[in-house]
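If you want the building blocks of each chain, they are given just below.
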Protein chains: 6
Amino acid sequence: MTAASNRIAYLDGALVDEDQVRLSFRDAGAFRGEGVYDSARTFDGRVMWLRPHLERLWRSLAYLRIEPPIGIDELERVSLEVAAINYERVGADIWVTQRVTAGVPPEFGGTGTPTVIVECFPIPFASRAATFRDGIRALTPTVRRTPPWAVSPHAKTVDLLNLRLAAMEVAAVDPAALALVCDENGNLAEGPGANVFAVSRGVLVTPRVDHVLPGVTRQVVIELAHEIGLEVVERDVPLFDAYTADELFVTSTSYCICPVASLNGARPRAGRIPGPVTERLQDAFSARVGIDVVDQYLRHADAGAAPVAS
Amino acid sequence: MTAASNRIAYLDGALVDEDQVRLSFRDAGAFRGEGVYDSARTFDGRVMWLRPHLERLWRSLAYLRIEPPIGIDELERVSLEVAAINYERVGADIWVTQRVTAGVPPEFGGTGTPTVIVECFPIPFASRAATFRDGIRALTPTVRRTPPWAVSPHAKTVDLLNLRLAAMEVAAVDPAALALVCDENGNLAEGPGANVFAVSRGVLVTPRVDHVLPGVTRQVVIELAHEIGLEVVERDVPLFDAYTADELFVTSTSYCICPVASLNGARPRAGRIPGPVTERLQDAFSARVGIDVVDQYLRHADAGAAPVAS
Amino acid sequence: MTAASNRIAYLDGALVDEDQVRLSFRDAGAFRGEGVYDSARTFDGRVMWLRPHLERLWRSLAYLRIEPPIGIDELERVSLEVAAINYERVGADIWVTQRVTAGVPPEFGGTGTPTVIVECFPIPFASRAATFRDGIRALTPTVRRTPPWAVSPHAKTVDLLNLRLAAMEVAAVDPAALALVCDENGNLAEGPGANVFAVSRGVLVTPRVDHVLPGVTRQVVIELAHEIGLEVVERDVPLFDAYTADELFVTSTSYCICPVASLNGARPRAGRIPGPVTERLQDAFSARVGIDVVDQYLRHADAGAAPVAS
Amino acid sequence: MTAASNRIAYLDGALVDEDQVRLSFRDAGAFRGEGVYDSARTFDGRVMWLRPHLERLWRSLAYLRIEPPIGIDELERVSLEVAAINYERVGADIWVTQRVTAGVPPEFGGTGTPTVIVECFPIPFASRAATFRDGIRALTPTVRRTPPWAVSPHAKTVDLLNLRLAAMEVAAVDPAALALVCDENGNLAEGPGANVFAVSRGVLVTPRVDHVLPGVTRQVVIELAHEIGLEVVERDVPLFDAYTADELFVTSTSYCICPVASLNGARPRAGRIPGPVTERLQDAFSARVGIDVVDQYLRHADAGAAPVAS
Amino acid sequence: MTAASNRIAYLDGALVDEDQVRLSFRDAGAFRGEGVYDSARTFDGRVMWLRPHLERLWRSLAYLRIEPPIGIDELERVSLEVAAINYERVGADIWVTQRVTAGVPPEFGGTGTPTVIVECFPIPFASRAATFRDGIRALTPTVRRTPPWAVSPHAKTVDLLNLRLAAMEVAAVDPAALALVCDENGNLAEGPGANVFAVSRGVLVTPRVDHVLPGVTRQVVIELAHEIGLEVVERDVPLFDAYTADELFVTSTSYCICPVASLNGARPRAGRIPGPVTERLQDAFSARVGIDVVDQYLRHADAGAAPVAS
Amino acid sequence: MTAASNRIAYLDGALVDEDQVRLSFRDAGAFRGEGVYDSARTFDGRVMWLRPHLERLWRSLAYLRIEPPIGIDELERVSLEVAAINYERVGADIWVTQRVTAGVPPEFGGTGTPTVIVECFPIPFASRAATFRDGIRALTPTVRRTPPWAVSPHAKTVDLLNLRLAAMEVAAVDPAALALVCDENGNLAEGPGANVFAVSRGVLVTPRVDHVLPGVTRQVVIELAHEIGLEVVERDVPLFDAYTADELFVTSTSYCICPVASLNGARPRAGRIPGPVTERLQDAFSARVGIDVVDQYLRHADAGAAPVAS
């Protein structure tokens, strides 16, 4: 059950109170994992990089062979409208999320028309603020990322159980830690909704996309790095590289760029949070979005350690 | 959207019209795959093997670290009650399904109380009747079963996208065919909700449980085979064995035992449907449940080719 | 048995009628797979890229530790002579194929002298014409490509059973479809004698050579792409990339460049056959060889659907 | 080229001089590996275990989807006739081999009728005699056995290049050594045409059939072992087990049971050739076939070190 | 540096004060991992199961191709002598450990004579007592067990870095937890020097020996289980089985049988420490060795949480 | 036991006679593989590339979580001092090796202070001279390199058993051959302390660092190659590439650059030792270090075949 919110959402063509957005338990997105989603966020109310998020959503839809009942331009327009209304009501920056399921299948009495939702949620600045000050404690669980030959990591779907199992395994030993999951070959892959970068001798290293979601923020950071003259290498990243790195940080739509304080207890060699390269990239990112994204988090820093939401 | 049904269901403590069973899109079972289920069926209205299904459900819950808000005895009682009412209303044999999700997480405004549903659905005798007369056409897709080190196949969860991708790949070339998915090593594993057996020189062979759901009907068939004096071997089953088998059949709660006419176009050597061993097992199964399960399907045989529901 | 042909062939030093080219069943190329081959083709009678084909043949020979009893220059001369005679007799473009086996081993009463054959065969323009008009239907079989640590895919040998099994599995569900085999990791590899390319957002992507034969036409297409300003990336290509590509095409010595209409039923997003990038490459290829290779196929388009020959 | 022999063979319905058995180079068995075979042998002229060899041949044919143009009973009759004539002419025990290819495919001008050959060859007693006196030197090559998901090791086909590459790698360092190939997981699998057993603390251990040809002699040895009260375990056999074994031996149709003197230079701990358990099994085997199979080899022991024929 | 002890040890033929047992840094056991060892323990001063430990040591030596300069009977005699003297001096039960290295190699100026040591050390009853009262907290690290095709887990060698990395990764998040390492396929394998068992519905399940050291205590427990009528299954044990087990326990020479309180935070379902089956096995073990092994630990229970020694 | 040497060494703060450098058998570096090392060498007495060796040592220490009790600058100073004294005494070029272990752990009565050693050893010019004249015979063993997910190949540790097993397997068939170990995927990786390069059509190819130690000399050779205009590709190198290469050579600190005469008996196609590209690189290397490194070896060429020291 959800506490009542004052947010609105889009559901199959109409704007409704968010609390009214409910799915049949026979919706294929609810009972058999046939659903995709994508999330952008606002920066002082402005939605950024919405289009690449929607283009990724369209690739996810193609992979699940779902024909969306709405065009990409229309969904973009709806997303901006829903975001504007909710930003006004929430009074703080929010996620803007599109969800499409395969609907209720004909063999279960439905029409097979996909369900389309656009919804928003406040970014948990307070519960994450400490990670921007102290860095994230990251742990690699034993569970490994579902391999591409079973379900592609490039599709952003509701089948998140693999990442949830990883998160639960980590939370059982350190509730405030972030799970960074290894790929089928034991190299670093990704966290739930987060990409990871190492800085070693001035070079940025990040897992090649084979086993990870190609994050929109990941791509932005690569471009920012090039702009400020840093080399970026996309390749397999074994734990050795992470244990001997000068700096580590994660990227995500909501985190933007957040420093990692330790991986499995091993601390990056730069010795301060954030490391110098991480800080340069945070500054460049803030300049790009027009607000100080680190400061936005740090202003909530009295909120204690941060549980990680997927 | 679902066409209105006259079935009832159990939702979080109450019996309601099935159409009223809807989930918040913020239910973890709907947006991040944190949900499990299990299904028994009726035979002339009697629910059989309900307890082993519920015990498997409890193992699935433990794996997802969901504490159910209802005891196993109470859920058994509720299941029988819901089944009895719906069997009366439907007038034909039905699935009896328990569903438990992790509920709406606190970080998304919820209480984290698991959602519990018990619901029923008519078994599609008509659309499957032809497979009992002619045998199933089975195809192995390229997609392989999610490996146990990513998500265990022993937990019956709503994260069914892997099996759905397999089914879609197969349906694109033969809409009436059944997908039999190979495991990570290329051996036969399982279909969506179905186990597979080969008969070779009088011996039953079936994939060991490492990469498959340990089906309740699979276990019943193993016991029946022992009772009628057949050897059963649980081991890796490469495609070679299936291509050179005398007979092939699948088992599931609703199919019980259904012959396979061909695998990737190769026909078992027995040369008739069902093969003699398959038929003996079907007879033994019917004797056990007290109705002729094959005849029940064949009475609907004017219904044409069968799309496979997961 | 072969229907009589009017073609000639080279066998161990002499030109003979093709029908006289027969092997002892004790030839190691016939009974234990110790044989290699390579094939160029004519374009309006001119053999092109013969030398890179022969150089690849020499690498295949080195891998099988066969010392050829003929030099590369002499084999080139013989190939051109055999091609010229047969092109005259056939009256249409042909394959020009060199074959070398390990001969009859001493332990089976032979001399161990390698058998050398040069032979030609008409390219099946009629049976393939439809694929140039409508595109190839491609399917990925469950069988995966023999891994490099068992037999290198870089050697072009008569041990083609792995690719034949793939072709048979596909033909059993769609006789006119082309098998595109995945590598040991589940990424796209190659078809029998064919490489595959995807076009995504203007960039050409093709499997890196690790698990595929480095096709001569593949290399030509990469060079043509560079000449017309297209980026080409050689990397692992998961099925996700193929399912979400704008265009797909295959390359081979005889096909040159042929569009793919669907992969496992999923159609490339460009929505027409050939896609715009494919068409530009076909045009560049035709310019390079001096004949319109697409038109050559399309002139035979009344010949119906195309069985795939390896 | 083969030196003239006085042996006859069966080819597509007729008995002919062996030298006349030749294949079109367009026979699918010669140019693309579509051929199967199986070999029994004579013991003082009597062919033994012919039927299980033919049944295995039939499974190989089913795997390659070749419909044989001759029945199994007729092929058995032909085999016995060809064996009888050749045993008379050779004057010593021989292999009796059936070969079936897919014939010349229609797309290459043929009829697609399978080619059927039955032929014989003298067993090389002289060149192998030393191995029965001194034991086989066995080496594991780097090349690993083609995995079942690429081509099944259960089908006995002419695609023997994988095993030939293994044999060549070994022969390059020790021409008289036998290659024992490891499977994809690095466990012991098989030699070319040979299975392997270890004896450890009185128990026979041999690789389970997953990655090896299920040898007819292997099965005979398992049954003989049971008869003389030895436990036999079929499981994965890592090199550790072979390095610490008391005895090692190989089995094959022609070798029957031959002791291994060393594996990668490590000598079994029993310290004599043959070891005591190996000797008991050799004795039991000789009793079963009615001739002293070890003595038959040892009588040729002046012939020096033994090259291994596949 | 070591604090002075009053223990003696055997070094290359002589009994010396333990502090005098020092190795050249050019000993192959010190600089390149060429060393093996094995450990028995005393029970009220009596060394038990010494012979199977020494036989395993001999297999480890064979695997490393070290020829020991001492016979197994003599090493047994020496071990008992060293144990007797040290048990007298220590006044409590001790480990009795044999160590053999490859010595200083000739190419580094040595003789290549193996170094042989027999030494003892007090079992840390106090630091482990809490685990017998409360159960072990076990965690699976990301590091996986070195696979058998790299170094066999059946050889007990000084190359323990893989297990040390596992222990360090675990200690970084919970210094008192035990690392249970997964094998290359993600199944449970072993802890440093410890085997693991699950109890599910009255059946004992433990990893088959493929990826673990075949523990002497593991074997004793299997035999005890049979004696008290419990079924024991040796097979792959995925984490699912451990998460849904009724009881978990580990076995080792010094621990004997110690209950596991949680694995990755998930608690066995029996709900008490030790579980009923574990307790029966502990009792049977105590009866076998003639002392109450649990009580021996619990008498030290005021000593706090237990760091794990490898 | 070691023959007395006149060399000195550094041990935990003091210069001592090398023979006095001995470790407690309870040093974690001796009994459980917790030790790292690195080696530079002198060229006419001058130590080169010492700093990159020490930086690699520091990464190895970080991976093993050993805090060194000495700074990198101080260890550099000590290394130069120890090298100078020993070069004077030995009168020929030497290895200069730093060793750091985890010391004697507190739970075994120690202080846990790491042991630090700096020592020297004469490079075996005589025993290796023939390899510079005739080339190295290289063999790939069946043992494969420990994978990065078990122990990283980037850390240079005393856990060398995997490479020792490889060397022993090779030495058993050819005592003078060098083991070149394949990685977990069957591609060429590295020899004990040596990297490998192939030259194909003028391009240098060497295994990417994923499965090998990133050799300091390997890096020097890559830079020299660039300086003289050669392309260098770091990628997976299957055996096919090595079998069909024009030249092969290995690099190591002491070998510098040494030609390979054959790999598994297959000889590079250049047909002379060293090949032309190898020779150019040797010349460039000699120019860089200021002495003719090949001539230095060849002056000892009367010393016969070379056993390989790890």
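Described below are features of the structure shown in this document. Fair warning: this is a prediction, and the values are worked out from it, not measured in the lab.

## Let's talk about the interface of chain E and chain A
- Contact residues are listed per partner, giving 13 residues for chain E and 13 residues for chain A.
- At the boundary of chain E with chain A, total buried surface from both sides reaches about 960 Å², with 58% on carbon and sulfur atoms.
- For the chain E face of the interface with chain A, the top three residues by lost area are Thr142(E), Arg144(E) and Val173(E), together amounting to 47%.
- Applying the counting criterion to the chain E and chain A interface returns zero salt bridges.
- Applying the counting rule to chain E against chain A returns two residue pairs in polar contact (both at pLDDT 80 or more).
- Among the residues forming the side of chain E that touches chain A, the class breakdown is seven nonpolar, four polar and two charged.

## Quick look at the relation of the copies chain E and chain A
- When chain E is fitted onto chain A, the two copies agree to an RMSD of 0.0 Å after a turn of 180 degrees and an axial shift of 0.0 Å. A rotation of that kind, with that shift, is consistent with a two-fold axis. Residue Thr142(E) of chain E places its C-alpha closer to the rotation axis than any other residue of that unit, at 2.4 Å.
- With an isologous cut-off of 70% or more, the 100% of interface residues of chain E that recur at the interface of chain A puts this contact in the isologous class.

## Overview of the interface of chain E and chain F
- With 53 residues of chain E in contact, the opposing surface of chain F contributes 53 residues.
- For the pairing of chain E and chain F, the buried interface totals around 4900 Å² over both sides, and the portion due to carbon and sulfur atoms is 58%.
- Ranking the residues of chain E by area buried against chain F places Phe25(E), Trp149(E) and Leu161(E) at the top, with a combined share of 15%.
- Remark: the boundary between chain E and chain F carries six salt bridges.
- Here chain E is connected to chain F by 22 residue pairs in polar contact (both at pLDDT 80 or more).
- Elements with a contribution of two residues or more to the side of chain E that touches chain F: β3 (22-24), α1 (28-31), β7 (115-122) and α5 (161-171) of chain E.

## Describing the sheet that holds strand β14 (residues 232-235) of chain E
Residue and element names in this part refer to chain E.
- Spatial ordering of the open sheet is given by β9-β8-β16-β15-β12-β13-β14, a layout of seven strands whose pairing is mixed. The open sheet has two edge strands, β9 (178-179) and β14, and neither has a second partner.
- Where strand β8 (residues 136-139) meets strand β16 (residues 256-263), three bridges bridge the pair, whose relative direction is parallel. Opposite Arg137, over in β16, you have Ser262 as the bridge partner.

## A short note on unusual backbone geometry
- Here the residue pair Ile273(A) and Pro274(A) is connected by a cis peptide bond, since its omega of -10 degrees sits within 30 degrees of zero.
- By the secondary structure assignment, Pro274(A) is in the loop between β16 (256-263) and α8 (276-289).
- A positive phi angle, close to 50 degrees, is found at Arg201(B), a residue other than glycine.
- With respect to the helices, strands and loops of the structure, Arg201(B) is situated in the loop between β12 (195-200) and β13 (203-207).
- Of note, the phi angle at Arg65(F) is positive, near 55 degrees, even though the residue is not glycine.

## Topic: the packing of aromatic side chains
- Applying the stated criterion across every chain, the model contains 73 aromatic pairs over all chains.
- Taking the centre distance of 6.3 Å and the plane angle of 90 degrees together, the rings of Phe43(C) and Trp49(C) count as edge-to-face.
- Seen from the ring of Tyr243(F), Arg65(C) lies directly overhead, with NZ or CZ sitting 5.2 Å from the centre.

## Quick look at the relation of the copies chain E and chain F
- Mapping chain E onto chain F is achieved by rotating through 180 degrees and translating by 0.0 Å along the same axis, at an RMSD of 0.0 Å.
- Comparing interface residues between copies, 100% of those in chain E also lie at the interface in chain F; the contact surface is shared.

## Thoughts on the side chain of Asp174(F)
- For Asp174(F), the position within the fold is in the loop between α5 (161-171) and β9 (178-179).
- The contact partners of Asp174(F), leaving out residues within four places of it in the chain, are Arg137(F) and Leu139(F).

## Some thoughts on the packing of helix α6 (residues 216-227) of chain E against helix α8 (residues 276-289) of chain E
Residues and elements named next belong to chain E.
- It is the contact of α6 with α8, at a shortest axis distance of 10 Å, that shows an interaxial angle of 105 degrees. As the angle between them shows, α6 and α8 are arranged roughly perpendicular. Residues Thr217, Val220, Val221, Leu224, Ala225 and Glu227 of α6 form the contact with α8, whose participating residues are Leu281, Ala284, Phe285 and Arg288.
- Partitioning the contact of α6 with α8 into residue classes produces seven nonpolar, one polar and two charged.

## Examining the sheet that holds β7(E)
Residue and element names in this part refer to chain E.
- Across the sheet, which stays open at both edges, the six strands sit in the order β2-β1-β7-β6-β4-β5 with antiparallel pairing between neighbours. At either margin of the open sheet sits one strand with a lone partner, and together these are β2 (14-17) and β5 (46-48). Averaged over neighbouring strand pairs, the angle between their axes works out to 30 degrees when direction is ignored.

Each value, and the rule that gives it
- Residues numbered from 1 in each chain as written.
- Chains lettered and ligands numbered in written order.
- Predicted model: local features only at pLDDT ≥ 70, side-chain atom pairs only at ≥ 80, totals over all residues.
- Heavy atoms only, no water.
- Contact = heavy atoms within 4.5 Å.
- Buried area = accessible area lost by both parts, 1.4 Å probe.
- Salt bridge = Lys/Arg side-chain N within 4 Å of Asp/Glu carboxyl O.
- Polar contact = N/O pair within 3.5 Å; in protein donor to acceptor, adjacent residues only side chain to side chain.
- Nonpolar A, V, L, I, M, F, W, Y, C, P; charged D, E, K, R; others polar.
- Least-squares fit on C-alpha atoms with pLDDT ≥ 70 in both.
- Helix = DSSP H or I, 4+ residues; strand = E, 2+ residues; numbered from the N terminus.
- Pairing = 2+ DSSP bridges.
- Phe/Tyr/Trp six-rings, centres within 6.5 Å; stacked < 30°, edge-to-face > 60°.
- Lys NZ or Arg CZ within 6 Å of the ring centre and 35° of its normal.
- Axes fitted to C-alpha atoms, helices over the stretch in contact; angles between N-to-C directions.
- Parallel < 35°, antiparallel > 145°, perpendicular 65-115°, else oblique.

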